[in-house]
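One-letter residues, chain by chain:
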Number of protein chains: 4
Amino acid sequence: MPTFKEIAPRLAEQAIELPSWAFGNSGTRFKVFGTPGTPRTPQEKIADAAQVNKYTALSPSVAIHIPWDRVDDYSALRSYSQDLGVELGTVNSNTFQDDEYKYGSLTHTDAAVRQKAIDHHFSCIDVMDATGSRDLKIWLADGTNYPGQGDIRGRQDRLADSLAKIYARIGDEQRLVLEYKFFEPAFYHTDIPDWGTSYAQVSALGDRALVCLDTGHHAPGTNIEFIVMQLLRLGKLGSFDFNSRFYADDDLIVGAADPFQLFRILFEVVRGGGYGANSDVAFMLDQCHNVEDKIPGQIRSVLNVQEMTARALLVDSAALSAAQDAGDVLGANGILMDAFYTDVRADLASWRVSRGIASDPMAAYAASGYQEKIAEDRVGGVQAGWGA
Amino acid sequence: MPTFKEIAPRLAEQAIELPSWAFGNSGTRFKVFGTPGTPRTPQEKIADAAQVNKYTALSPSVAIHIPWDRVDDYSALRSYSQDLGVELGTVNSNTFQDDEYKYGSLTHTDAAVRQKAIDHHFSCIDVMDATGSRDLKIWLADGTNYPGQGDIRGRQDRLADSLAKIYARIGDEQRLVLEYKFFEPAFYHTDIPDWGTSYAQVSALGDRALVCLDTGHHAPGTNIEFIVMQLLRLGKLGSFDFNSRFYADDDLIVGAADPFQLFRILFEVVRGGGYGANSDVAFMLDQCHNVEDKIPGQIRSVLNVQEMTARALLVDSAALSAAQDAGDVLGANGILMDAFYTDVRADLASWRVSRGIASDPMAAYAASGYQEKIAEDRVGGVQAGWGA
Amino acid sequence: MPTFKEIAPRLAEQAIELPSWAFGNSGTRFKVFGTPGTPRTPQEKIADAAQVNKYTALSPSVAIHIPWDRVDDYSALRSYSQDLGVELGTVNSNTFQDDEYKYGSLTHTDAAVRQKAIDHHFSCIDVMDATGSRDLKIWLADGTNYPGQGDIRGRQDRLADSLAKIYARIGDEQRLVLEYKFFEPAFYHTDIPDWGTSYAQVSALGDRALVCLDTGHHAPGTNIEFIVMQLLRLGKLGSFDFNSRFYADDDLIVGAADPFQLFRILFEVVRGGGYGANSDVAFMLDQCHNVEDKIPGQIRSVLNVQEMTARALLVDSAALSAAQDAGDVLGANGILMDAFYTDVRADLASWRVSRGIASDPMAAYAASGYQEKIAEDRVGGVQAGWGA
Amino acid sequence: MPTFKEIAPRLAEQAIELPSWAFGNSGTRFKVFGTPGTPRTPQEKIADAAQVNKYTALSPSVAIHIPWDRVDDYSALRSYSQDLGVELGTVNSNTFQDDEYKYGSLTHTDAAVRQKAIDHHFSCIDVMDATGSRDLKIWLADGTNYPGQGDIRGRQDRLADSLAKIYARIGDEQRLVLEYKFFEPAFYHTDIPDWGTSYAQVSALGDRALVCLDTGHHAPGTNIEFIVMQLLRLGKLGSFDFNSRFYADDDLIVGAADPFQLFRILFEVVRGGGYGANSDVAFMLDQCHNVEDKIPGQIRSVLNVQEMTARALLVDSAALSAAQDAGDVLGANGILMDAFYTDVRADLASWRVSRGIASDPMAAYAASGYQEKIAEDRVGGVQAGWGA
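The rules behind each value
- Position numbers for residues start from 1 in each chain and track the written sequence from start to end.
- Each chain takes a letter, starting from A, and each ligand takes a number, starting from 1, following the order in which they are written.
- Where local features are concerned, this predicted model is filtered to residues with pLDDT of at least 70; where side-chain atom pairs are given and counted, the filter is 80 or more; whole-chain, interface and lining totals use all residues.
- For side-chain calculations, the full set of non-hydrogen atoms in the structure is used, while hydrogens and water are omitted.
- Strands are runs of DSSP state E lasting at least 2 residues, helices are runs of H or I lasting at least 4, and numbering of each runs from the N terminus.
- Residue burial is assigned from relative accessible area. The probe radius is 1.4 Å, only protein chains are included, and a residue is buried under 20% of its type maximum, exposed over 50%, and partly exposed in between.
- Should any heavy atoms of two residues lie within 4.5 Å, those residues are considered in contact.
- With residues, only the protein chains shown are counted as cover, and all accessible areas are computed by Shrake-Rupley using a 1.4 Å probe.
- When charges are counted, neither His nor the chain ends are considered; positive counts come from Lys and Arg and negative counts from Asp and Glu.
- Every charge is mapped onto a representative atom, which is NZ of Lys, CZ of Arg, CG of Asp or CD of Glu.
- Any two strands with at least two DSSP bridges between them are considered paired.
- Lines fitted to C-alpha atoms define the axes here, with helix axes fitted over just the stretch in contact, and angles between the N-to-C directions of these axes take values from 0 to 180 degrees.
- Note on definitions: buried area is the accessible-area loss of two parts on being combined, 1.4 Å probe, summed for both.
- Salt bridge, as used here, is a side-chain nitrogen of Lys or Arg placed within 4 Å of a carboxyl oxygen of Asp or Glu.
- Pairs of N or O atoms are called polar contacts if they sit within 3.5 Å, as long as, within protein, a hydrogen donor faces a hydrogen acceptor (for residues adjacent in sequence, only side-chain-to-side-chain pairs).
- Note that Gly is not counted as nonpolar here; it falls among the polar residues with everything else outside the nonpolar set of Ala, Val, Leu, Ile, Met, Phe, Trp, Tyr, Cys and Pro and the charged set of Asp, Glu, Lys and Arg.
- Aromatic contacts are taken between Phe, Tyr and Trp rings whose centres are within 6.5 Å, Trp giving its six-membered ring; a plane angle under 30 degrees counts as stacked, one over 60 as edge-to-face, and the others as tilted.
- Here, a charge over a ring means that NZ of Lys or CZ of Arg falls within 6 Å of the ring centre while also lying within 35 degrees of the ring normal.
- Within a predicted model, pLDDT stands for the predictor's per-residue confidence, ranging from 0 to 100.
- In superposing the copies, a least-squares fit is computed on C-alpha atoms, taking residues whose pLDDT is at least 70 in both.
- To sort the angles, those under 35 degrees are grouped as roughly parallel, those over 145 as roughly antiparallel, those from 65 to 115 as roughly perpendicular, and the leftovers as oblique.
- Should the near helix be turned anticlockwise from the far one by less than a right angle, the crossing is left-handed, and should it be turned clockwise, the crossing is right-handed.

Caption draft 1: Here's a closer look at the overall build of chain A. In terms of regular secondary structure, chain A is built from 14 helices and ten strands. With 388 residues in all, chain A has 68% of them scored as buried. Intrachain contacts of chain A at a sequence separation of at least 6 include 78% that bridge at least 24 residues. Carbon and sulfur atoms make up 49% of the accessible area of chain A, which totals about 11,900 Å². In chain A, the 35 positive side-chain charges and the 52 negative ones have mean positions that sit 1 Å from each other.

So, in structure tokens, the structure goes:
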């Protein structure tokens, strides 16, 4: 097994984009709990995200969501972010909250509604041009609740057509990443329910169209690391939305539900060439902190990814291959588990200090007084959430 | 197989309670779509529910939800309902929307929060006394999102204690029905996740404490009719919340996702003594009409239950038993399927006419002009939903 | 809605291939129950399959499995079958029962094992040449039980290489259909676990490589009709393995677990061009009659497919499209359900008589005395099963 | 967090019973692979089990299965075992492999078949008397494959009656533990599908009837530690069958699929009083080593349980309670995770040496030459498996 020292240089290559909406309120259909200090504006969300990067050095960029992060001047927002030490990253579109989208957006039978949704993506591309963002991420809520409600074939064809129009508009250095999701908010059929559909759709578009894999968007029991491997093999893995789940799209802290699964995913990422400075695969979080504190929740999340990445880097690949080739089932499994069971936390703490940050980011943030300050300062106004 | 004529008398015994909240807006965490004509008040919800009964003669009562249906004078609400031809039914409590309940209600570590939740149930019992309701239905959102967040054993013990206090308050003719749910809104553990837990809790309370089975609240693959059989066998099936699901707690129209499952459930209800005038098992709907029209959605729902009940009544029980005893697998299955595949719709249409209602309730309602009228009349105000 | 008379001509186009192994014994890892009359030879299996066609006129061909149906002279087997009124159909390979395949076959790290598995497929193609079969169906048991046991990426690459070699050997009129399966017999990862993987692999091969969809091979909750639609849209749906399931790959009688799902699948098949004389999509059964009689089990199965096909053909497509375009959720759903709820059994019975077969195939077979005869005749020898 | 030294004394209390059948061949319905050295007799299985205890000091007893471990003289078998340093433990009955049990055993409609199954349990009790076993474990394969095939209520009543007869026969110091299983080998309904059913049945029997929880026998997504907590709370947790799963009842090595889940289960066991010298809860394995070596597979398994037990014992309970009471979600979760992420392997290695066994049991066994010896010695005869 490599030593921590040997893998340490590779850890410096890690960058995990934060979602601006993780700093706003979120919840379930039953209740959205508010908390003192929740941001009211995109600027306040970005300020909070910058705190995560300050204490972890892991999150140099922030994904934004249009219209939730709509501002008058995106160049100004970019400068504001850069002043705080973070870049604006992926631009996420939203075609699920306008009344016109009740029965679909890019798949709608009404050409006018489809055009409205396409135009929204065009305006997102305009935002990208101003923010310097590379990726346009499309997650569609489109689907139906009842058999027969929609023509699922026609919807797929219209989806292809709408995506082609959007793809034609993105710049040469920009990418379209298409997310899939097993279900929710639609409960009978979803128009992009699985990686196969996303793959078929982006393959029809071109090289700069890729798949986004959200770790919470699969059927029960799905082997996610297999999909990671396959998409890397096919050259179509664009980005990750990390989170974790016990049941549905729970959007819990990444690694919280099944740390071993996260390890296995990262192991496939690393050996498939999806990790580090030479890879274009984007790592993002997409989580909801319904009951836990938001900024510490994001810090915990990036640390979880880092810890499991370290473990994944520790796998003794040569020994593993030898055991695999020899049909040594227990031996091969044991080599993988050795890396997983290695406690890298103390080494990571030292490594952080060597890079000029606190050894314990959770404690350092807690001691900083930031949380108390925003709780005190951010009085009045409307707390940010999914509503706007 | 019995003839339709032979089973027709039993159909007259059917009563399916409607949930007042089905007439208000509902949706997902992503969006709640409003619709013209949505009620603004408990009275308007009841008026809409009365329409369902008018066209189907199947839904003589309406369940209410406190605080969503809070009024100053429940006796007046009862009279208002009776004037419209419907009774007020089950009272549903709500301990998931106050900020104090973020970490639990009847299970909370803080005795003051538990008492608040208990007091809420006391006030629900007061409502029941005024409305003449028999059942207090408790569905708890209590649970945790992360391993370690709560002491799951301590929570169970506190739950038992809280329930005992509530049970002690209900009247001799009243019942406490305790619902279970696999997950949501809690994503790691739920305090009453399965029928076993609900059964163990109500068994500790007494004879007037029973289990409520919501057809959408089970793990994937669960054989629901088996649970129906078991609870009837144990004398602990209090009531149903009917709806249907493809994935999670989708709350779709009952029978929409898997009509054969609904048939199997009703078959077990019938032969287990859970159906009809001599049974105390309450049939209720608990659904969300996120994208479809609400009143027609409820009409469709009670008709689905009726159609499947008719099919269940048509099963040739003697022949089925004989085939079962003979080990005739295909024969026994075929006898059950014969009833399921029998198209009872024309017979039911005639039967309706014989009872003085329109043969096609969906068409009759659509032609009545009610929908247009409420869309026109109900302008202004705040449309009812889960928020209040 | 079209009348039965209007759709009747299309019913004559239906052909459902039977699996020879359905007539042998099958079971679970816990027990395989034998039954009197079970075939001992490929010839006896084919004779039984011919009975199904005799009473249903729905199953003019029989799929064979090598080596379970190995004979010295396949041309003679073909003649034998034709004399009984059925053709030999799809040839199914088997690379999961030799000791060498313990850790994989087409994906094995050892080139010699891979070549053995490839050679087996070559010999299957030789069989096809002799039997006149069009399709070579590959279902792979390959996978691993423990994380780390295998290099899942290397296995995928080797799979692609092995498949290319096999594909290169099939004739111009022959096809390779590649089946996917969620899990079993491998319990950590399966090398072809989902339609996306099968699609990616066959797309790399060429036009005569297609996907085989087994209705029991999906994750819980998967919307199978969506995959049917997608594969038809992509021109890659080669064949079906019909069966049904409540939990895993239960291999129950098609339509037994969820008849409505079967209806929805067939509706997508029909409207996607996958049904009838002009379509190349092959309909097959792949079932295990663990506890029920085998020949009646197969008769019941093809009748179930026929009944649901009739219902699917009855859907009023024009009205459905209009309701879909109008956003009439309940109306559109109702149009679909009208077809599903229509009892076509009496019409089908008459139609059978008009085509010269008995109105009730189950009863006619039972009355024929065939079952008693084979139970009496087939004494001694080794009953066929999965073992050989 | 306690130190390892502080918890070390409690580790000495651990005892994990091994299943004799884990040393024989097992597999899937597709194939059972044999391996050199596989035992041919109950004695050889016990000898292999003794090896596991020799290198781990964790498995002082072996569960036997009747008839798979049928011998003429059970007292002699007991002596033989004791000479090897292990006791005979739980006696497992088998009512799923005789032809009479095709449609059920303790639930069968035919009283003669039920009596045969009851008599089998009586003879198991006789075995227990001779072996000194405390527990009679009943896992029933009873169920049906098709809706309507059986009368699920009647079956439940007959089950209760049969169990009562068996329970009446066990001695004052003996226990009946009743296992539940979600599905397999039955695919529509299983007569004891969930903990609720097992709990209701054993509660009706008496104090010495308890529930056996097999960690692989639940619906997807089930929170198993919750059931552990609940059964301990209700005083009805009799024993564990440990193994792990990704999909169905995969019977993989315990801890292999989700080590964090195993940790959570053990944490609930420990704090619920189910662990150690003062507890009557029996820890057993129930696994199938389809592709990996059997003896090392069992060694790996008991080590996994030990490692996760150590981590569970390391949880700082006082700090955890304080964080839970304070509503500190991330803090509480973090305290639990700290224990889980602690690498106890080096401490356990030293602890083993202090107790006179090798620091690395896997390596010590591999170096012992035992595997080579049995491969050489055990030539001829019939390798043990599930068949007999």
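So that's the structure; there's more coming.
Caption draft 2: Main features of the sheet that holds strand β1 (residues 18–19) of chain C. Residue and element names in this part refer to chain C. The strand order across the open sheet built from eight strands is β1-β2-β3-β4-β6-β8-β9-β10, with neighbouring strands paired in parallel fashion. The open sheet is flanked by β1 and β10 (282–285), the only strands paired with a single partner. As paired strands, strand β4 (residues 135–138) and strand β6 (residues 175–179) are joined by four bridges and run parallel to one another. Note on β6: the bridge partner recorded for Asp-135 is Arg-175. Strand contacts of helix α4 (residues 111–131): β2 (61–65), β3 (87–92), β4 and β6, with the helix running at about 150° to β4, the strand carrying the most contacts.

Caption draft 3: A look at the interface of chain C and chain A. Counting from both sides, the interface comprises 50 residues of chain C and, opposite them, 50 residues of chain A. For the chain C and chain A pair, buried surface summed over both sides reaches about 4,000 Å², with 60% attributable to carbon and sulfur atoms. Of all residues in chain C, Arg-153, Phe-226 and Arg-233 of chain C bury the most surface against chain A, accounting for 15% of the area lost on that side. The interface formed by chain C and chain A includes four salt bridges. Across the salt bridge formed by Arg-233 of chain C and Asp-157 of chain A, the nearest N and O atoms sit 2.7 Å from each other. Summed over the shared surface of chain C and chain A, the number is 22 residue pairs in polar contact (both at pLDDT 80 or more). At the level of elements, α5 (152–169), β7 (189–190), α6 (195–205), α7 (224–233), α8 (259–271), α10 (317–325) and α11 (329–341) of chain C are the ones that each hand at least two residues to the side of chain C that touches chain A. In terms of residue class, the side of chain C that touches chain A is built from 22 nonpolar, 17 polar and eleven charged.

Caption draft 4: Fine view of the packing of aromatic side chains. Following the criterion strictly, the structure yields 100 aromatic pairs over all chains and no others. Arranged with centres 6.2 Å apart and planes meeting at 15°, the rings of Phe-260 of chain A and Phe-263 of chain A form a pair that is stacked. Residue Phe-260 of chain A and its partner Phe-263 of chain A are located together in helix α8 (residues 259–271), separated by three residues, close to a single helical turn. On the basis of relative accessible area, Phe-263 of chain A is assigned to the buried category, the value being 0%. With a centroid separation of 6.5 Å and an interplanar angle of 55°, the aromatic rings of Phe-340 of chain A and Phe-340 of chain D are classed as tilted. Taken as a pair, Phe-340 of chain A in helix α11 (residues 329–341) and Phe-340 of chain D in helix α11 (residues 329–341) lie in two separate chains rather than in one. Here the two residues Phe-340 of chain A and Phe-340 of chain D agree in accessibility, since each one is buried. In textbook terms, an aromatic cluster arises when at least three aromatic residues are bridged by ring pairs, as seen for Phe-260, Phe-263, Phe-340 and Tyr-341 of chain A together with Phe-260, Phe-263, Phe-340 and Tyr-341 of chain D. Stacked on the ring of Phe-260 of chain A, the Lys or Arg Arg-264 of chain A has its end atom at 4.7 Å from the ring centre.

Caption draft 5: Region of the structure containing the pairing of strand β6 (residues 175–179) of chain D. Residue and element names in this part refer to chain D. Most of β6 is tucked away, with five of its five residues classed as buried. In this structure, β6 lies alongside strand β8 (residues 209–214), joined through four bridges in parallel fashion. Its bridge partner being in β8, Leu-178 is matched across the sheet by Val-211.

Caption draft 6: The arrangement of the sheet that holds strand β10 (residues 282–285) of chain B in detail. All names here are of chain B. Read once around its circumference, the closed barrel built from eight strands follows the order β1-β2-β3-β4-β6-β8-β9-β10, with strand pairing classed as parallel. Each strand axis lies, on average, 30° off the axis of its neighbour in the sheet, ignoring direction. Relative to β10, strand β1 (residues 16–19) runs parallel, the two sharing two bridges. The residue of β10 that forms the bridge with Ile-16 is Phe-283. Sitting on the sheet, helix α8 (residues 259–271) is in contact with β9 (237–242) and β10, with an inclination near 160° to β9. Its contacts with the sheet place helix α9 (residues 294–313) against β1 and β10, and it is angled at close to 155° to β1.

Caption draft 7: Broad picture of the confidence of the model for chain A. Looking at chain A as a whole, the pLDDT averages 97, with 100% of positions reaching at least 70. With pTM at 0.98, the complex prediction returns an ipTM value of 0.97.

Caption draft 8: Quick look at the relation of the copies chain A and chain B. Mapping chain A onto chain B calls for a screw motion: a turn of 180° about the axis and a shift of 0.0 Å along it, with 0.0 Å RMSD after fitting. Taken together, the rotation angle and the small translation identify this as a two-fold axis. Taking the C-alpha atom as reference, chain A places Arg-29 of chain A closest to the rotation axis, 2.3 Å from it. Both copies present the same face, since 100% of the interface residues in chain A are matched by interface residues at the equivalent positions in chain B.

Caption draft 9: Summary view of the packing of α9 of chain B against helix α12 (residues 345–354) of chain B. Residue and element names in this part refer to chain B. The geometry of α9 relative to α12 is characterised by a closest axis approach of 10 Å and an angle of 110° between their N-to-C directions. Overall, the two elements α9 and α12 adopt an arrangement that is roughly perpendicular. Crossing of α9 against α12: the hand is right-handed. Along its contact with α9, which presents Leu-303, Gln-306, Glu-307 and Ala-310, the element α12 presents Arg-345, Leu-348, Trp-351 and Arg-352. The residue inventory of the contact of α9 with α12, partitioned by class, reads four nonpolar, one polar and three charged.

Caption draft 10: Focus on the relation of the copies chain C and chain A. Note on the identical chains: chain C maps onto chain A by a rotation of 180° and an axial translation of 0.0 Å, with an RMSD of 0.0 Å. Interface residue correspondence from chain C to chain A reaches 100%, placing this contact among same-surface, isologous pairings.

Caption draft 11: How the structure looks around the interface of chain A and chain B. Contacts between the two partners involve 41 residues from chain A and, on the opposite side, 41 residues from chain B. Of the roughly 4,000 Å² buried between chain A and chain B on both sides combined, carbon and sulfur atoms contribute 63%. Looking only at chain A, the three residues that lose the most surface to chain B are Arg-29, Phe-30 and Tyr-247 of chain A, adding up to 22% of its buried area. Where chain A meets chain B, there are eight salt bridges. Of the charged contacts, one joins Lys-31 of chain B and Asp-99 of chain A as a salt bridge, the two residues approaching to 3.5 Å between their closest N and O atoms. Where chain A meets chain B, there are 20 residue pairs in polar contact (both at pLDDT 80 or more). Tallied by class, residues from the side of chain A that touches chain B come to 22 nonpolar, eight polar and eleven charged.

Caption draft 12: Structural detail: the pattern of salt bridges. In total, this model carries 115 salt bridges over all chains according to the counting rule given. A salt bridge links Asp-249 of chain B to Arg-29 of chain A, with the shortest nitrogen-to-oxygen separation between them at 2.9 Å. Of this pair, Asp-249 of chain B sits in the loop between β9 and α8 while Arg-29 of chain A sits in the loop between β1 (18–19) and α2 (42–56), on two different chains. In this structure, Asp-249 of chain B and Arg-29 of chain A share a single accessibility class: buried. With a closest N to O distance of 2.7 Å, Glu-184 of chain C and Lys-181 of chain C form a salt bridge.

Caption draft 13: Just unusual backbone geometry, in detail. Glu-184 of chain C connects to Pro-185 of chain C through a cis peptide bond whose omega is 10°. Within the fold, Pro-185 of chain C resides in the loop between β6 and β7. Notably, Glu-184 of chain A is not glycine yet its phi reads approximately 80°, a positive angle. Tracing the backbone shows Glu-184 of chain A in the loop between β6 (175–179) and β7 (189–190). One non-glycine residue, Ala-57 of chain B, adopts positive backbone phi at about 55°. Inspection of the secondary structure assignment puts Ala-57 of chain B in the loop between α2 (42–56) and β2 (61–65). Judged by its relative accessible area of 44%, Ala-57 of chain B is partly exposed.

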